[in-house]
Amino acid sequence: MEGSTPRSQKVITDQMVENITKVEELAYELRVREVMTKETKALSPDMTMRDVVEMFRVERISGAPVVDGKKICGVVSMEDIIRCLLANDIDAPASKYMTKNPITVKLNEPVVEALKYFVNAKVGRLIVVSQDNELEGIITKGDITRGYLRALQRQNEEEELRRYRAKHLFEDIESDRTSLILRYNIIAGDFRHGGAASSNIKRALLRLGASPQIARRAGIAVYEAEMNLVIHTTHGGIIRVEIEPHRMSIRIFDDGPGIEDVQKALTPGFSTATEQIRELGFGAGMGLPNIQRCVDEMILESSPGNGTRLKLKINLDKDTTTDEKLSPIKENAKNESANTN
Amino acid sequence: MNLQTLIDELHLKVLTTPKDFSSIQPSSGYTSDLLSCVMTGAEAKGVWVTLQAHMNIVAVAALLDISAIIITEGAQPDEETIAKANEEEITLLWTDQPSYPVVGKLWEMGLK
């Protein structure tokens, strides 16, 4: 009725299939029962069309299912009422003008099933039935739109609530000194999961209300340290992050092999990475310099055979991010990377 | 310039779940295959051109809030990498062109 183009005749191209949006994904997640209108007014087959019209007027609806006992036998829509009026047959029973065998969808079907009917058949509403084919309600395009909006709203609220709770964590718990400790075990050679700990730490900081700039700096610093554990250590290592309201302390430690010359390791462009590792895009010799640039304090302790301890501090109460901090070695990086290749 | 015009002009293949690319306006571009250099040089909301196609490019892009990665030289990321990119909402674009002409075209289109 509403859609003027017969969508069913349109050829669906690969391009269209590829253009699936988040909203369309929701059509597969949401169930009919979550969006439908319950407590639908039902008509009986022997009710006169005059009473049907009166009921539509009072209830401000434009269609309703016809139920005989428990069995659904049809649906009366505006179109049926117009046919009845044109025939001047207003006192006829609903069973004479109703559309028989109406399209039904089951309670637990995904909303996309209902959408398919709306696209392919020219109907304004579908009857929702239980597993035993008993009337449960109706579903219209409007119901689906409202259901979408509610679901999107809910997803937003969930993330906001998470952020709110995390932000108030430090205020809600009283102690002389409260801190939150996060630990991550990093496995040597595990390139697939490399970067997982740093993204989790960045997300945690954002939820705790840190500025995006600070979260970005922390993310970069931890990422470089995390990849160092993956690339260079014998047995992997541990990242321990302690978050307090005013600052975060990060410790990264491993049990070997240790750094031969700490000063050299801090020089931009110096790298001991193998050719294989460089092929993956690591080993630019920018790891430790990158960390240094992103944090407010850095202590590196290491000697061959003793493993490496890296201690970092980032202020959270004042944003010390400066242009310098974000891109001091940009020029250097370009020169040095030319050297490493 | 938005991401959609960029995809059309460079005939890029979209590897991740498509979204409304016309609403995404990349503000800068960066190219390097060395991840630490990217960490240093790439800006948030920018486009990154690289021939690397392994899982770690997604981690780097997510940490830097990069809008899209253009993978060049026909390098093929695996399913897991694409899934991870979807999860992190990073767009992966693909071309069999080398990085140089891709960057040249981006520059020509005004991404400077």
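Small disclaimer: the values here were computed from a predicted structure and weren't measured.

## A word on the overall build of chain B
Here comes step 1: The number of helices and strands found in chain B is 5 helices and 5 strands.
Here comes step 2: Ordering the α and β elements of chain B from the N terminus gives α-β-β-α-β-α-β-α-β-α.
Here comes step 3: Sorting the 112 residues of chain B into buried and exposed places 48% on the buried side.
Here comes step 4: Considering only contacts in chain B between residues 6 or more positions apart, those separated by 24 or more positions represent 46%.

## Focus on the interface of chain B and chain A
Here comes step 1: With 20 residues of chain B in contact, the opposing surface of chain A contributes 27 residues.
Here comes step 2: When residues of the side of chain B that touches chain A are traced back to their parent elements, those giving at least two are α2 (35-41) and α3 (56-64) of chain B.
Here comes step 3: Top element by residues in the side of chain B that touches chain A is α2(B). It accounts for 6 residues.

## Quick look at unusual backbone geometry
The phi torsion of most residues other than glycine is negative, and most of the peptide bonds are trans.
Residues and elements named next belong to chain A.
Here comes step 1: The peptide bond linking Gly 256 to Pro 257 adopts the cis configuration, its omega dihedral lying at 10°.
Here comes step 2: Residue placement: Pro 257 occurs in the loop between β9 (247-254) and α12 (262-265).
Here comes step 3: Positive phi, normally seen in glycine, also occurs at Asn 101, with a value near 45°.
Here comes step 4: Judged by local crowding, Asn 101 falls into the exposed class, with 9 C-beta atoms found within 10 Å.

## Here's the deal with the pairing of strand β3 (residues 47-50) of chain B
All names here are of chain B.
Here comes step 1: Burial of β3 is two-sided: the residues Val 47 and Val 49 facing one way and the residues Trp 48 and Thr 50 facing the other way are all buried.
Here comes step 2: Across 3 bridges, the pairing between strand β2 (residues 29-31) and β3 is parallel. When the bridges of β3 are listed, Thr 31 appears paired with Val 49.
Here comes step 3: For the crossover that starts at β2, traverses α2 and ends in the parallel β3, the hand is right-handed.
Here comes step 4: Here β3 runs beside strand β4 (residues 68-71); their pairing, made up of 4 bridges, is parallel. For Val 47, the partnering residue across the bridge sits in β4 and is Ala 68.
Here comes step 5: Crossover connection from β3 via α3 to parallel β4: handedness right-handed.

## Structural notes on the confidence of the model for chain B
Here comes step 1: Per-residue pLDDT for chain B has a mean of 93; in total, 100% of the residues score no lower than 70.
Here comes step 2: Interface scoring of the predicted complex returns ipTM 0.75; its pTM is 0.61.

## Observations regarding the packing of helix α7 (residues 111-120) of chain A against helix α8 (residues 141-167) of chain A
All names here are of chain A.
Here comes step 1: In the contact formed by α7 and α8, the axes pass within 11 Å of each other and the chain directions differ by 145°. Here the hand of the crossing between α7 and α8 comes out left-handed. Residue-level contacts link Val 111, Ala 114, Leu 115 and Phe 118 of α7 to Lys 141, Ile 144 and Gly 147 of α8.

## Examining the packing of helix α11 (residues 212-232) of chain A against helix α14 (residues 287-294) of chain A
All names here are of chain A.
Here comes step 1: The interhelical angle for the contact between α11 and α14, taken along N-to-C directions, is 155°, at an axis separation of 8 Å. Classed by the angle they form, the pair α11 and α14 counts as roughly antiparallel. Here the hand of the crossing between α11 and α14 comes out left-handed. Of the residues in α14, those touching α11 at Arg 217, Ile 220, Ala 221, Glu 224, Ala 225, Met 227 and Asn 228 are Gly 287, Asn 290, Ile 291 and Cys 294.
Here comes step 2: A class-by-class count of the residues in the contact of α11 with α14 yields 6 nonpolar, 3 polar and 2 charged.

## Some remarks on helix α4 (residues 79-87) of chain B
Residue and element names in this part refer to chain B.
Here comes step 1: Inspection of α4 places Thr 81, Lys 84 and Ala 85 among the buried residues, and these make up the whole buried set. Projection of α4 onto a plane perpendicular to its axis shows the buried side chains occupying an angular sector of 100°, all on one side. Turned more than 90 degrees away from the buried face of α4 sit Glu 79, Glu 80 and Glu 87, all of them exposed.
Here comes step 2: Packed against the buried residues of α4 are α3 and β5 (91-94).

## Notes on the nonpolar core
Here comes step 1: The biggest cluster of nonpolar side chains holds 73 residues, and the ones touching the most others in it are Ala61(B) and Ile69(B).
Here comes step 2: Sorting elements by how many residues they give to this core places α11(A) first, with 12 residues.
Here comes step 3: One finds Met49(A), Ala64(A), Val128(A) and Ile144(A) within the second-largest nonpolar core, a separate group that totals 25 residues.

## Here's the deal with the sheet that holds strand β1 (residues 13-14) of chain B
Strands pair in a sheet through their backbones, by hydrogen bonds, and they do so in one of two ways: parallel or antiparallel.
Here comes step 1: Taking strand neighbours across the sheet as the criterion, the 5 strands line up as β1-β5-β4-β3-β2 (chain B) in an open arrangement whose pairing is mixed. This sheet does not close on itself; its edge strands, each paired only once, are β1 and β2 of chain B.

## A few points about the sheet that holds strand β5 (residues 125-129) of chain A
All names here are of chain A.
Here comes step 1: Pairing within the open sheet is mixed, and its 3 strands lie in the order β4-β5-β6. Either end of the sheet is taken by a strand with one partner, and the two such strands are β4 (104-106) and β6 (135-140). When strand polarity is set aside, the average angle formed by the axes of neighbouring strands in this sheet is 35°.
Here comes step 2: Where β4 lies against β5, 3 bridges are found, and the strand directions are parallel.

About the criteria used
- In this numbering scheme, every chain counts its residues from 1 along its sequence in written order.
- Chains carry letters from A onward and ligands carry numbers from 1 onward, assigned in written order.
- Local features in this predicted model are restricted to residues of pLDDT 70 or higher, and side-chain atom pairs are both shown and tallied only at a pLDDT of 80 or more, whereas totals for entire chains, interfaces and linings draw on every residue.
- Helix and strand assignments follow DSSP, with helices taken as H or I runs no shorter than four residues and strands as E runs no shorter than two, numbered in order from the N terminus.
- Exposure in this text rests on C-beta crowding, where 20 or more other C-beta atoms within 10 Å of a residue's own make it buried, 12 or fewer make it exposed, and counts in between make it partly exposed. The C-beta atoms are placed from the backbone.
- Placing C-beta atoms from the backbone, we regard two residues as in contact once those atoms come within 7 Å.
- Should DSSP find at least two bridges between two strands, the strands are regarded as paired.
- Crossovers are described as right-handed under a simple rule: with the strands pointing away from the observer, the path leading from the first strand over the helix to the second runs clockwise.
- Each residue carries a pLDDT score, the predictor's own confidence in it, on a scale running from 0 to 100.
- Note on geometry: axes are C-alpha line fits, over the in-contact stretch for helices, and angles between N-to-C directions span 0 to 180 degrees.
- If you view the pair so one helix is near and one far, a crossing is left-handed when the near helix is turned anticlockwise from the far one by less than a right angle, and right-handed when it is turned clockwise.
- Here the word oblique covers every angle except those under 35 degrees (roughly parallel), over 145 (roughly antiparallel) and from 65 to 115 (roughly perpendicular).
- Lys, Arg, Asp and Glu make up the charged group, whereas Ala, Val, Leu, Ile, Met, Phe, Trp, Tyr, Cys and Pro make up the nonpolar group; the residues left over, Gly among them, are polar.
- What the arc covers is the set of directions going from the helix axis to the C-beta atoms.
- Any nonpolar core is a set of buried residues, restricted to Ala, Val, Leu, Ile, Met, Phe, Trp, Tyr and Cys, that join up through C-beta atoms within 7 Å.

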